[in-house]
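# Observations on the three-dimensional arrangement
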Amino acid sequence: MNKIKPDKKLVRYCEVISVITIIAAAMYGFPNILELCYEMGKNDSGTFIWHALVVGIESYAIMFIGVLSYIMVYNVRKGNIFSRVNKRILNAIGISTTLSGVLISVISHLSPLEMPTEVCVLFIILGMMFVLIAYIFEIGIRMKEEQELTFDRLKTDIYAYNSKLGCNDGEM
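The present account deals with the structure reproduced in this document. (Residues numbered from 1 in each chain as written. Predicted model: local features only at pLDDT ≥ 70, side-chain atom pairs only at ≥ 80, totals over all residues. Heavy atoms only, no water.)

Scanning the protein for helices and strands turns up four helices and zero strands. What you see in the protein, going N to C, is helices and strands ordered as α-α-α-α. Residues classed as buried in the protein amount to 35% of the 172 residues present. Residue pairs in contact within the protein that sit at least 24 positions apart in sequence constitute 74% of those at least 6 positions apart. Here the protein has roughly 11,600 Å² of accessible surface; of this, 68% comes from carbon and sulfur atoms. (Helix = DSSP H or I, 4+ residues; strand = E, 2+ residues; numbered from the N terminus. Buried < 20%, exposed > 50% of the residue type's maximum accessible area, 1.4 Å probe, protein only. Contact = heavy atoms within 4.5 Å. Areas by Shrake-Rupley, 256 points an atom, 1.4 Å probe, with all protein chains shown as cover.)

Structure follows, in C-alpha coordinates:
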(Lines give C-alpha, C1' and ligand atoms only; values in the text may rest on other atoms or scores of the structure.)
Protein backbone atom coordinates (compact mmCIF):
# COMPACT_ATOMS: atom_id res chain seq x y z
CA MET A 1 0.00 0.00 0.00
CA ASN A 2 1.42 3.38 -0.99
CA LYS A 3 1.70 5.86 1.80
CA ILE A 4 1.35 9.51 0.92
CA LYS A 5 3.03 12.36 2.68
CA PRO A 6 0.27 14.15 4.57
CA ASP A 7 -0.29 17.87 4.22
CA LYS A 8 1.15 19.82 7.16
CA LYS A 9 -2.10 21.75 7.63
CA LEU A 10 -4.05 18.50 7.78
CA VAL A 11 -1.71 17.03 10.37
CA ARG A 12 -1.82 20.23 12.43
CA TYR A 13 -5.62 20.34 12.26
CA CYS A 14 -5.88 16.69 13.30
CA GLU A 15 -3.50 17.32 16.19
CA VAL A 16 -5.61 20.27 17.37
CA ILE A 17 -8.79 18.17 17.26
CA SER A 18 -7.07 15.36 19.13
CA VAL A 19 -5.75 17.71 21.83
CA ILE A 20 -9.16 19.36 22.24
CA THR A 21 -10.95 16.02 22.61
CA ILE A 22 -8.37 14.71 25.06
CA ILE A 23 -8.62 17.94 27.10
CA ALA A 24 -12.42 17.64 27.02
CA ALA A 25 -12.17 14.06 28.23
CA ALA A 26 -9.73 15.06 30.97
CA MET A 27 -11.72 18.11 32.09
CA TYR A 28 -15.23 16.77 31.66
CA GLY A 29 -15.19 13.00 31.46
CA PHE A 30 -12.88 11.93 34.27
CA PRO A 31 -13.98 14.53 36.86
CA ASN A 32 -17.65 13.75 36.25
CA ILE A 33 -17.06 10.04 36.71
CA LEU A 34 -15.15 10.72 39.93
CA GLU A 35 -17.92 13.02 41.15
CA LEU A 36 -20.50 10.35 40.35
CA CYS A 37 -18.54 7.82 42.38
CA TYR A 38 -18.47 10.21 45.32
CA GLU A 39 -22.16 11.08 45.00
CA MET A 40 -23.10 7.41 44.71
CA GLY A 41 -21.87 6.86 48.24
CA LYS A 42 -23.79 9.71 49.82
CA ASN A 43 -26.88 10.25 47.63
CA ASP A 44 -29.59 7.67 48.26
CA SER A 45 -32.43 9.41 46.43
CA GLY A 46 -34.32 7.46 43.79
CA THR A 47 -33.56 10.04 41.11
CA PHE A 48 -29.78 9.94 41.35
CA ILE A 49 -29.47 6.96 39.00
CA TRP A 50 -31.09 8.93 36.16
CA HIS A 51 -28.57 11.71 36.49
CA ALA A 52 -25.71 9.22 36.85
CA LEU A 53 -26.70 7.38 33.66
CA VAL A 54 -26.78 10.55 31.56
CA VAL A 55 -23.48 11.89 32.90
CA GLY A 56 -21.85 8.47 32.53
CA ILE A 57 -22.93 8.14 28.89
CA GLU A 58 -21.78 11.68 28.07
CA SER A 59 -18.42 11.05 29.73
CA TYR A 60 -17.95 7.74 27.93
CA ALA A 61 -18.71 9.32 24.55
CA ILE A 62 -16.25 12.17 25.07
CA MET A 63 -13.45 9.88 26.25
CA PHE A 64 -14.09 7.40 23.41
CA ILE A 65 -13.91 10.17 20.80
CA GLY A 66 -10.68 11.45 22.40
CA VAL A 67 -8.96 8.07 22.25
CA LEU A 68 -10.07 7.28 18.69
CA SER A 69 -9.18 10.74 17.41
CA TYR A 70 -5.68 10.30 18.84
CA ILE A 71 -5.33 6.98 16.99
CA MET A 72 -6.52 8.61 13.77
CA VAL A 73 -4.03 11.47 14.14
CA TYR A 74 -1.28 8.88 14.57
CA ASN A 75 -2.39 7.22 11.31
CA VAL A 76 -2.49 10.55 9.47
CA ARG A 77 1.02 11.40 10.65
CA LYS A 78 2.23 8.08 9.22
CA GLY A 79 0.62 8.91 5.86
CA ASN A 80 -2.37 6.55 6.22
CA ILE A 81 -5.13 8.99 5.39
CA PHE A 82 -7.62 7.20 3.15
CA SER A 83 -7.34 3.81 4.81
CA ARG A 84 -9.88 1.27 5.98
CA VAL A 85 -8.64 1.69 9.56
CA ASN A 86 -9.49 5.41 9.55
CA LYS A 87 -12.86 4.66 7.97
CA ARG A 88 -13.60 2.19 10.78
CA ILE A 89 -12.47 4.75 13.36
CA LEU A 90 -14.82 7.36 11.91
CA ASN A 91 -17.64 4.81 11.82
CA ALA A 92 -16.99 3.81 15.44
CA ILE A 93 -17.02 7.45 16.56
CA GLY A 94 -20.20 8.14 14.59
CA ILE A 95 -22.14 5.08 15.68
CA SER A 96 -21.15 5.34 19.34
CA THR A 97 -21.92 9.06 19.44
CA THR A 98 -25.31 8.55 17.77
CA LEU A 99 -26.17 5.68 20.12
CA SER A 100 -25.08 7.79 23.09
CA GLY A 101 -27.44 10.55 21.98
CA VAL A 102 -30.31 8.11 21.53
CA LEU A 103 -29.66 6.52 24.95
CA ILE A 104 -29.52 9.92 26.65
CA SER A 105 -32.77 10.88 24.92
CA VAL A 106 -34.52 7.69 26.03
CA ILE A 107 -33.25 8.09 29.60
CA SER A 108 -34.32 11.76 29.63
CA HIS A 109 -37.84 10.83 28.53
CA LEU A 110 -38.13 7.97 31.05
CA SER A 111 -36.66 9.96 33.92
CA PRO A 112 -38.92 11.62 36.48
CA LEU A 113 -36.46 14.54 36.43
CA GLU A 114 -36.50 17.45 34.02
CA MET A 115 -33.41 16.99 31.88
CA PRO A 116 -32.31 19.11 28.93
CA THR A 117 -32.44 17.31 25.59
CA GLU A 118 -30.12 19.60 23.62
CA VAL A 119 -27.16 17.31 24.29
CA CYS A 120 -29.10 14.36 22.85
CA VAL A 121 -29.81 16.15 19.60
CA LEU A 122 -26.23 17.41 19.35
CA PHE A 123 -24.82 13.91 19.90
CA ILE A 124 -27.16 12.38 17.32
CA ILE A 125 -26.36 15.01 14.66
CA LEU A 126 -22.63 14.87 15.38
CA GLY A 127 -22.66 11.07 15.21
CA MET A 128 -24.50 11.09 11.89
CA MET A 129 -21.96 13.55 10.49
CA PHE A 130 -19.12 11.21 11.47
CA VAL A 131 -20.87 8.30 9.74
CA LEU A 132 -21.34 10.48 6.63
CA ILE A 133 -17.63 11.33 6.65
CA ALA A 134 -16.86 7.60 6.99
CA TYR A 135 -18.93 6.93 3.85
CA ILE A 136 -17.05 9.69 2.04
CA PHE A 137 -13.81 8.06 3.17
CA GLU A 138 -15.03 4.77 1.68
CA ILE A 139 -15.52 6.49 -1.68
CA GLY A 140 -12.03 8.01 -1.40
CA ILE A 141 -10.56 4.59 -0.58
CA ARG A 142 -12.22 3.02 -3.63
CA MET A 143 -10.99 5.85 -5.86
CA LYS A 144 -7.45 5.41 -4.49
CA GLU A 145 -7.56 1.66 -5.09
CA GLU A 146 -8.83 2.13 -8.66
CA GLN A 147 -6.09 4.67 -9.32
CA GLU A 148 -3.42 2.26 -8.02
CA LEU A 149 -4.82 -0.56 -10.19
CA THR A 150 -4.81 1.70 -13.26
CA PHE A 151 -1.23 2.74 -12.55
CA ASP A 152 -0.14 -0.89 -12.10
CA ARG A 153 -1.82 -1.90 -15.38
CA LEU A 154 -0.17 1.02 -17.15
CA LYS A 155 3.26 -0.01 -15.84
CA THR A 156 2.64 -3.60 -16.97
CA ASP A 157 1.56 -2.45 -20.44
CA ILE A 158 4.60 -0.19 -20.81
CA TYR A 159 6.91 -3.00 -19.73
CA ALA A 160 5.29 -5.42 -22.20
CA TYR A 161 5.52 -2.85 -25.01
CA ASN A 162 9.18 -2.15 -24.26
CA SER A 163 9.89 -5.88 -24.16
CA LYS A 164 8.43 -6.24 -27.68
CA LEU A 165 10.73 -3.44 -28.87
CA GLY A 166 13.68 -5.33 -27.44
CA CYS A 167 14.57 -2.81 -24.77
CA ASN A 168 16.53 -4.16 -21.80
CA ASP A 169 14.58 -4.53 -18.56
CA GLY A 170 11.64 -2.58 -19.98
CA GLU A 171 13.74 0.56 -20.52
CA MET A 172 13.74 2.53 -23.72
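Turning to the environment of Thr117, a few remarks are in order. As for its position among the elements, Thr117 is in the loop between α3 (84–110) and α4 (118–165). Look at Thr117 and you get partly exposed, because its relative accessible area is 34%. Taking the C-alpha atoms as reference points, Thr117 and Ser105, 12 residues apart in sequence, are found 6.5 Å from one another.

Turning our attention to the packing of aromatic side chains. With the rule as written, the count across this model stands at two aromatic pairs. With 4.9 Å between their ring centres and 45° between their planes, Phe82 and Phe137 make a pair best called tilted. You can see Phe82 sitting in the loop between α2 (48–77) and α3 and its partner Phe137 sitting in helix α4, a full 55 residues away along the chain. Overall, the relative accessible area of 35% leaves Phe82 in the partly exposed class. Residue Phe137 is classed as buried on the basis of its relative accessible area of 12%. (Phe/Tyr/Trp six-rings, centres within 6.5 Å; stacked < 30°, edge-to-face > 60°.)

The subject of this paragraph is the packing of α3 against α4. Packing of α3 against α4 brings their axes to within 7 Å, and their N-to-C directions diverge by 160°. When the axes of α3 and α4 are compared, the pair comes out roughly antiparallel. Remark: the crossing between α3 and α4 carries left-handed chirality. Residues that form the contact of α3 with α4 fall into these classes: 17 nonpolar, 10 polar and four charged. (Axes fitted to C-alpha atoms, helices over the stretch in contact; angles between N-to-C directions. Parallel < 35°, antiparallel > 145°, perpendicular 65-115°, else oblique. Left-handed = near helix turned anticlockwise from the far one by under 90°. Nonpolar A, V, L, I, M, F, W, Y, C, P; charged D, E, K, R; others polar.)

Turning our eyes to something else, we now look at a nonpolar patch on the surface. Taken together, the side chains of Val121, Ile125, Met129, Leu132 and Ile136 define a hydrophobic patch exposed on the protein surface, amounting to about 460 Å² of accessible area. Assignment of secondary structure puts Leu132 in helix α4. (Patch = residues over 30% accessible without salt bridge, like charges linked within 9 Å, V, L, I, M, F, W, Y side chains within 5 Å. Salt bridge = Lys/Arg side-chain N within 4 Å of Asp/Glu carboxyl O.)

Before going further, it helps to examine the nonpolar core. Listed in full, the nine residues of the largest apolar core are Ile65, Leu68, Met72, Ile89, Leu90, Ile93, Phe130, Ala134 and Phe137. Counting only elements with at least two residues in this core, the list comes to α2, α3 and α4. If near-sequence neighbours (up to four positions away) are discounted, Phe130 is found in contact with Leu90, Ile93 and Gly94. One finds Val54, Ala61, Ile107 and Phe123 within the second-largest nonpolar core, a separate group that totals eight residues. (Core = buried A, V, L, I, M, F, W, Y, C linked by side-chain atoms within 4.5 Å.)

Here α4 spans 70 Å end to end across 48 residues, near enough to the 70 Å set by a 1.5 Å rise per residue. Buried within α4 we find Cys120, Phe123, Gly127, Phe130, Val131, Ala134, Phe137, Glu138, Gly140, Ile141 and Asn162. Where α4 is buried, its residues touch α2 and α3. In the segment just after α4, Gly166 is the residue with positive phi, at about 85°. (Expected span 1.5 Å × (residues − 1).)

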